[in-house]
Amino acid sequence: MWDLTLSEYDFAPDAPQLAQMRAELVGIGEKERILRERSADREAYRYLLDAHRLSASALSLRAGVEHFSGGRG
């Protein structure tokens with residue numbers, strides 16, 4: 001068993017290290033948040049690009065059909 005209790009342990013020497021670790025964790029959390037936002041932005045961009053490609057190909061196909069049918073589409 002541990003004979004050491006919290007009241008006997010001096011946290012003061014570890015305080016600067018704990019503060020540094022907290023600051024590093026905050027920095028890591030911020031970097032993760034930015035990466036998630038960028039990933040979401042990229043996913044939205046891909047979705048919009050795919051939608052644009054599909055609508056452009058549908059318009060192109062429709063124009064080709066009208067051209068070959070002599071405009072009687």
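Residues numbered from 1 in each chain as written. Predicted model: local features only at pLDDT ≥ 70, side-chain atom pairs only at ≥ 80, totals over all residues. Heavy atoms only, no water.

J.: I would appreciate a short explanation of the overall build of the chain in the present structure.
T.: Within the chain, the secondary structure is distributed over one helix and zero strands. Split into buried and exposed, the 73 residues of the chain put 1% on the buried side. Total accessible area on the chain stands at roughly 7,000 Å², and carbon and sulfur atoms take up 62% of it. (Helix = DSSP H or I, 4+ residues; strand = E, 2+ residues; numbered from the N terminus. Buried < 20%, exposed > 50% of the residue type's maximum accessible area, 1.4 Å probe, protein only. Areas by Shrake-Rupley, 256 points an atom, 1.4 Å probe, with all protein chains shown as cover.)

J.: Would you mind showing me how to read the pattern of salt bridges here?
T.: Side-chain pairs of opposite charge can arise whenever the charged atoms involved come near each other. Tallied over the entire structure, the rule returns four salt bridges. The salt bridge involving Arg33 is made with Glu30; its shortest N-O contact spans 2.4 Å. Of this pair, Arg33 and Glu30 both sit in helix H1 (residues 15-68), three residues apart, which is roughly one turn of the helix. Its relative accessible area of 31% is what places Arg33 among the partly exposed residues. (Salt bridge = Lys/Arg side-chain N within 4 Å of Asp/Glu carboxyl O.)

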